[in-house]
Amino acid sequence: MGAEEDVAMDDKAKRMRDLLSSFYSPDPNSTSSTPPLNAVSRFATLDTINTTSFDPDQYMNLLVQKSNLEGLLHRHVEMAAEIKNLDTDLQMLVYENYNKFVSATDTIKRMKNNIVGMETNMEQLLEKIMSVQSKSDGVNTSLFEKREHIEKLHRTRNLLRKVQFIYDLPARLAKCIKSEAYADAVKYYTGAMPIFKAYGDSSFQDCKRASEEAIAVITKNLQGKVFSDSDSIQARAEAVMLLKLLNFPVDNLKVQLFEKLEQFLVDLHLESKEIPHASADQGNSPESATSAAHEASIREFAEALRAYRAIFHDSEQQLSRLAQNLPKMHFEAAQQHIKKRLASSNLVAMLRIIWTDVLLMDEVLPEAGLRDFTMEAAHVAVKQYVGSRFSHLLLDISGAVVKVGKQMEGIEEEYSLEATFEASKKALVQGSMDVLLDFRQLLDENLELLSKLRDLIVDWVQEGFQDFFRKLNDHFLLLSGKKYSASQDLSFRERIQGDKILPGLVLLLAQLSVFVEQNAIPRITEEIASSFSGGGSRGYENGPAFIPAEICRTFRAAGEKFLQHYINMRTQKISVVLKKRFTTPNWVKHKEPREIHMFVDLLLQELDGIFNEVKSILPEGLNRKHRRTDSNGSTTSSRSNPLRDDRMVRSNTQKARSQLLESHLAKLFKQKMEIFTKVEHTQESVITTIIKLCLKSLQEYVRLQTFNRSGFQQIQLDIHFLKTTLKDAADDEAAVDFLLDEVIVAAAERCLDPIPLEPPILDRLTQAKLAKTSEQGNTS
């Protein structure tokens, strides 16, 4: 008995589980799918009780294996509670479904009651429809014969009217020609065309011929109306439409009218070749009259385009290309003027005229995109103007710099080095300020065309100055001969007489580079910061357009390079004189010295020219002696060594040995002498450096010769005179004295019999030379 009850309970639980699973399962087919037994046994867990593949025996075995007695009792209590909850939920589900079934039954009953009387009404309606249809058929049958007769009479009447119209057509056309009612004439003729095609060669031959003659006159009049500028647009468009109805080839008219528009545009461009001048109070000036005439011509051209578009509706693309030619030719003329010197006010006036014309044309042909086209062209033109202004500024500065080359033609008073330097500085600073003023006027103008380009103009100005100073530096290098470019315009080098570079020009470039670094760049930077800040079209990733620090570094290095180049050029020229002096005579057979040699005069003459050149544009430095900290190199006499002293001791006479020994012993106790110091942009530094290099060259040339006693004494006399004359020329007297002494020592080393002149003899010959020089100066 107990076993049967357990089986009944299991069946009941299984039915309830299947019922709930079928109600809540998202996939009805999933309930019928049972996994294989081996798969169930393989992956069986305690959670499989909620799946469709649940196996009670396997679950119980697994539960007994994994749980103790207390766990089994606890699981039993939980499952009993779950079963009770499921029974309650199932009972509620049954109650809810029962209520729905009751409601559906009530609804079906109400529908059945409402449909009961509808069938009778439908039958009555059908009977009435059939009655109306039978009466209508009776009326149509009784009136059929009369209707046929009336239609026949109507067709006859229409045919008679058409015949009468054909006979009256020539007279009608003549009246239309007289009254210029061409639309009515075309309507009459096109209406008669089918009859003329069918019976024009037989019954209505005369009427056809007379009508064609009248239509020929009308066609000619319509062609004249199309080309007439006095007629309105509507009248001309109507004339074209009438010609189309008459099968006239209007494409020929379209080509002729378009050629007329093109010629009109060419004539309009010829009228606007002059540069417009912006003026606040033009009044009745010629410029005002020209502007008014130009505006009237543009309006006339716009109206002609409007008429052409109204006449030929499919001509928008062709007219758009023609309309774009107007700003294109404007900008071509503007670019020709930009290549020359064009003030910003004139450029603004030209852009204003162009923009006004474009706005007028845009009203007629908005699909032509003239605004965008003009904006792109203005972008190119304004950028070209900015570049042109910088190019002309570079030419102005170059023109001022190369005036120093005219000194070779004997015009030193007009184009002195100092005057050229001042003119170059003025051309650089004032020219840059004028350029910035022109660009500022472009930014201040209240013109839509320029307002949209404001940020670009700011970037172009900053980029332009950066590129301008780079080109200026390259140009300075070309003028100095330190750089050569095959693509460079040769006009600059022609102005300085071919390939010969003047040392004065190089010195001018050196000092001008210093001026750019110390004066021009700070002033231009301040002006750009106050008036041309902003921009931003370059993007932050590209960095700033104008970098003053980079320009300053470039010109600082260029100034030092040019100054050193100038010193090298001057010393090389003097070296030629020294080389000729020491290679020409036979020093072994030299005669006894009677006076200072003429090469000293040539040397002093060259140095005097250098002094005047340097003092004309270089500033004075501090009056100070040479300091060790200013030096970037040092030179110590190599004569003060035991070998040389030993050689000097072995002289021919005791007097010579004692004098030279005293000189070398004195040098042994002298402080280490620094000869070549850093060159500065001052008069004293440049002059002293050139003198030192010249004396060093003199020493090297002396070392290459062999002297007899007279030759050595001649060198001693010349150097003694140079000590007297060069004492005040250089600010580093110690280094100059040292180098002069080195020349004498080198001559003594290369002398076969180094017996020096007595000091009284040196002084007497030196004073005689000074007196002679003074006398010559007073005479001249």
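So, how was this worked out
- Residues numbered from 1 in each chain as written.
- Predicted model: local features only at pLDDT ≥ 70, side-chain atom pairs only at ≥ 80, totals over all residues.
- Heavy atoms only, no water.
- Helix = DSSP H or I, 4+ residues; strand = E, 2+ residues; numbered from the N terminus.
- Buried < 20%, exposed > 50% of the residue type's maximum accessible area, 1.4 Å probe, protein only.
- Areas by Shrake-Rupley, 256 points an atom, 1.4 Å probe, with all protein chains shown as cover.
- Axes fitted to C-alpha atoms, helices over the stretch in contact; angles between N-to-C directions.
- Left-handed = near helix turned anticlockwise from the far one by under 90°.
- Contact = heavy atoms within 4.5 Å.
- Nonpolar A, V, L, I, M, F, W, Y, C, P; charged D, E, K, R; others polar.
- Expected span 1.5 Å × (residues − 1).
- Parallel < 35°, antiparallel > 145°, perpendicular 65-115°, else oblique.
- pLDDT = per-residue confidence, 0-100.
- Salt bridge = Lys/Arg side-chain N within 4 Å of Asp/Glu carboxyl O.
- Phe/Tyr/Trp six-rings, centres within 6.5 Å; stacked < 30°, edge-to-face > 60°.
- Lys NZ or Arg CZ within 6 Å of the ring centre and 35° of its normal.

### Concerning the overall build of the chain
When you go through the chain residue by residue, the secondary structure sums to 27 helices and 0 strands. Looking at the chain as a whole, 38% of its 780 residues are labelled buried. Split by element, the accessible area of the chain, about 45,900 Å² in all, is 54% carbon and sulfur.

### What to know about the packing of helix H20 (residues 548-583) against helix H24 (residues 683-703)
In contact at an axis separation of 9 Å, H20 and H24 are set at 35° when each is read in the N-to-C sense. Handedness of the crossing formed by H20 with H24: right-handed. Of H24, the residues touching H20 (which contributes Leu563, Tyr566, Ile567, Arg570, Thr571, Ile574, Ser575, Leu578, Lys579 and Phe582) are Val686, Thr689, Ile690, Leu693, Cys694, Ser697, Leu698, Tyr701 and Val702. Partitioning the contact of H20 with H24 into residue classes produces 13 nonpolar, 4 polar and 2 charged.

### A few points about helix H17 (residues 454-480)
Side chains that are three or four residues apart share a direction in an α-helix, a result of its 3.6 residues per turn. When the terminal C-alpha atoms of H17 are compared, their 39 Å separation across 27 residues agrees well with the 39 Å that a helix rising 1.5 Å per residue should span. Of all 27 residues that make up H17, 19 are buried, and the element is covered over most of its length. Positive phi appears at Gly481, one or two residues downstream of H17, with a value of about 80°.

### Considerations on the side chain of Arg570
Residue placement: Arg570 occurs in helix H20. Residues in contact with Arg570, not counting those within four places in the same chain, are Pro503, Glu606, Ile610, Glu613 and Ile690.

### So, the packing of helix H13 (residues 344-364) against helix H15 (residues 417-444)
Contact pair H13 / H15: the axes reach a minimum separation of 9 Å and the direction vectors enclose 30°. If you check the angle between H13 and H15, you find them roughly parallel. The two elements H13 and H15 meet at a crossing, and its hand is right-handed. Across from Ser344, Ser345, Leu347 and Val348 in H13, the residues of H15 making contact are Asp438, Gln441 and Leu442.

### Looking at the confidence of the model for the chain
Averaged over all residues, the pLDDT of the chain equals 75, while 72% of them reach at least 70. For the stretch residues 625-657, pLDDT sits under 50, and the model shows 80 contacts to residues farther than four places along the chain or on other chains.

### Comments concerning the pattern of salt bridges
Applying the stated criterion to the full structure yields 19 salt bridges. Asp362 is the salt-bridge partner of Arg371, the closest N and O atoms lying 3.3 Å from each other. Take Arg371: its relative accessible area is 33%, and that puts it in the partly exposed class. For Arg389, the salt bridge goes to Asp438, with nearest N and O atoms at 3.1 Å. Linking Arg389 in helix H14 (residues 370-401) with Asp438 in helix H15, this pair joins segments that are 49 residues apart in sequence. Take Arg389: its relative accessible area is 13%, and that puts it in the buried class. Salt bridges sharing common partners tie together Asp362, Arg371, Glu448 and Lys452.

### Some details on the environment of Pro327
Its location among the elements puts Pro327 in helix H12 (residues 316-339). Once residues within four sequence positions are removed from consideration, Pro327 is found in contact with Ile354, Val358, Leu370, Phe373 and Thr374.

### Quick word on the packing of aromatic side chains
Taken as a whole, this structure holds 13 aromatic pairs when the rule is applied. Geometrically, the ring pair formed by Phe465 and Phe546 is edge-to-face, given 6.4 Å between the ring centres and 70° between the ring planes. Of this pair, Phe465 sits in helix H17 while Phe546 sits in the loop between helix H19 (503-531) and H20, and the two are 81 residues apart along the sequence. For Phe465, a relative accessible area of 0% puts it in the buried group. Residue classification places Phe546 among the buried positions, given a relative accessible area of 10%. Taking the centre distance of 5.5 Å and the plane angle of 25° together, the rings of Phe582 and Trp587 count as stacked. Aromatic ring contacts, followed pair by pair, group Tyr385, Phe390, Phe439, Phe465, Phe468, Phe469, Phe476, Phe546 and Phe555 into a single cluster. Across from the ring centre of Phe582, 6.0 Å away, lies the NZ or CZ of Arg581, which sits over that ring.

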